[in-house]
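Coordinate analysis (summary)
As a plain string of letters, each chain reads:
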Amino acid sequence: MAQRNIFLQHEPILRKVCKDVTDFSEHLWQLLDDMHETLDFAGGVGLAANQVGILQNIFILHNEGKRLEFINPKIIRAEGEAIGIEGCLSCPNEYGKVKRHQTVEVVALDRQGSEFSLVLQDLDARIVSHETDHLFGKLFKDIAFDLQKV
Ligand code: NI
C-alpha cells in the first residue's frame, strides 16, 4: 500500500473524461488499496481515480463506517433535491453550496468485475454525485454557489 499524490484543480487531468476499467487484476486492486490509504490520510469522504492521476472510471466513498468501491459506475436513477455544502480534496480550503439529488441509484462493478447496484441517500448520494462528476472532468466549483475560501 502506498499513498498517492492528489492532483489539484489546475491540473489538466481533472478536466478529462475517464475511461472504463477492463482489467480486474492485482493492478486494479493495488490502485484501489492506494486510493483508500490516500483518502484515509487526507481525511475526505470520496476520491476519484483521476484525482490521483489515473484516467479510469473508479471512485471510492468513505462515510459512516462504509468503505465502498465503484468501478465503471453509472447513476441510473436520481430523485429529489437537496442543497448542501461541498469541498474537494483537489480544491483545498474552498467550499460552496451545491444542489444535488437526494437519492441516487448506482450500478457499478466491484473489484472482481461483478455488477452490483445500490440506492444511496443524502450525504452518500451527494458523494456519489460529486465523484461521478469528477469522472466526467467536472469539479463541484463548476456548479457551486456561495463559494468561499477559508
Ligand atoms: Ni472532489
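Anything mentioned here points back to the structure above.
Notes on the structure in this doc start here. Here the structure is a predicted model, which is why all the values come from computation and not from measurement.

**Description of the coordination of the nickel ion**
Those protein atoms acting as donors to the nickel ion are C88 (SG), H130 (NE2) and H134 (NE2), and they sit at 2.1 to 2.3 Å. We note that the donor set of the nickel ion lies within a single chain, spaced as C-x41-H-x3-H. Separated by 46 residues along the polypeptide, C88 in strand β4 (residues 82–88) and H134 in helix α2 (residues 122–135) bring together distant segments of the chain.

**Overview of the pattern of salt bridges**
Applying the stated criterion to the full structure yields 15 salt bridges. Between R126 and E86 there is a salt bridge, with its nearest N and O atoms 2.8 Å apart. Placement of the pair is R126 in helix α2 and E86 in strand β4, with a sequence separation of 40 residues. Sharing partners across several salt bridges, the network here consists of E86, R100, R126 and D133.

**Re the sheet that holds strand β2 (residues 58–63)**
Ordered in space as β1-β2-β3-β6-β7, the five strands form an open sheet in which the pairing is antiparallel. For this open sheet the edge positions go to β1 (46–48) and β7 (115–121), each flanked by a neighbour on one side alone. Taking the axes of each pair of neighbouring strands and ignoring which way they run, one obtains an average angle of 40° across the sheet. Inspection of the sheet shows β2 paired to strand β3 (residues 66–79) by six bridges, in the antiparallel sense. Paired with F59 across the strands is F70, a residue of β3. Relative to the sheet, helix α1 (residues 26–42) contacts β1, β2 and β3, its axis offset from that of β2 by approximately 40°.

**Looking at the side chain of T103**
Counting through the fold element by element, T103 comes out in strand β6 (residues 103–109). On the accessibility criterion, T103 (11% relative accessible area) is buried. Side-chain polar atoms of T103 contact the side chain of Q121, separated by 3.4 Å. Once residues lying within four places of it in the same chain are set aside, the contact partners of T103 are R77, A78, E79, V119, L120, Q121 and A125.

**What about the state of the cysteines?**
For the structure shown, the criterion picks out zero disulfides. Here C18 stays free of any disulfide, with the sulfur of C88 as its closest cysteine sulfur at 13 Å. Residue class for C18 comes out buried when judged on its relative accessible area of 7%. The class for C88 is buried, based on a relative accessible area of 10%.

**Focus: unusual backbone geometry**
With the exception of glycine, most residues fall at negative phi, and the peptide bonds are largely trans. For N72, which is not glycine, the phi dihedral falls at a positive 50°. Within the secondary structure layout, N72 lies in strand β3. In this structure N72 comes out as buried when scored by relative accessible area, which is 11%. Even without being a glycine, N93 presents a positive backbone phi close to 70°. Within the fold, N93 resides in strand β5 (residues 91–100). Given a relative accessible area of 44%, N93 falls into the partly exposed group.

**With respect to the packing of aromatic side chains**
By the definition in use, this model includes two aromatic pairs. Taken together, a centroid distance of 5.9 Å and an interplanar angle of 50° make the contact between F70 and F116 tilted. Placement of the pair is F70 in strand β3 and F116 in strand β7, with a sequence separation of 46 residues. In this structure an aromatic cluster arises from ring pairing among F59, F70 and F116.

Calculation rules
- Residues numbered from 1 in each chain as written.
- Predicted model: local features only at pLDDT ≥ 70, side-chain atom pairs only at ≥ 80, totals over all residues.
- Heavy atoms only, no water.
- Donors = N, O, S within 2.8 Å, 3.2 Å for Na, K, Ca; no water.
- Helix = DSSP H or I, 4+ residues; strand = E, 2+ residues; numbered from the N terminus.
- Salt bridge = Lys/Arg side-chain N within 4 Å of Asp/Glu carboxyl O.
- Pairing = 2+ DSSP bridges.
- Axes fitted to C-alpha atoms, helices over the stretch in contact; angles between N-to-C directions.
- Contact = heavy atoms within 4.5 Å.
- Buried < 20%, exposed > 50% of the residue type's maximum accessible area, 1.4 Å probe, protein only.
- Polar contact = N/O pair within 3.5 Å; in protein donor to acceptor, adjacent residues only side chain to side chain.
- Disulfide = S-S within 2.5 Å.
- Phe/Tyr/Trp six-rings, centres within 6.5 Å; stacked < 30°, edge-to-face > 60°.

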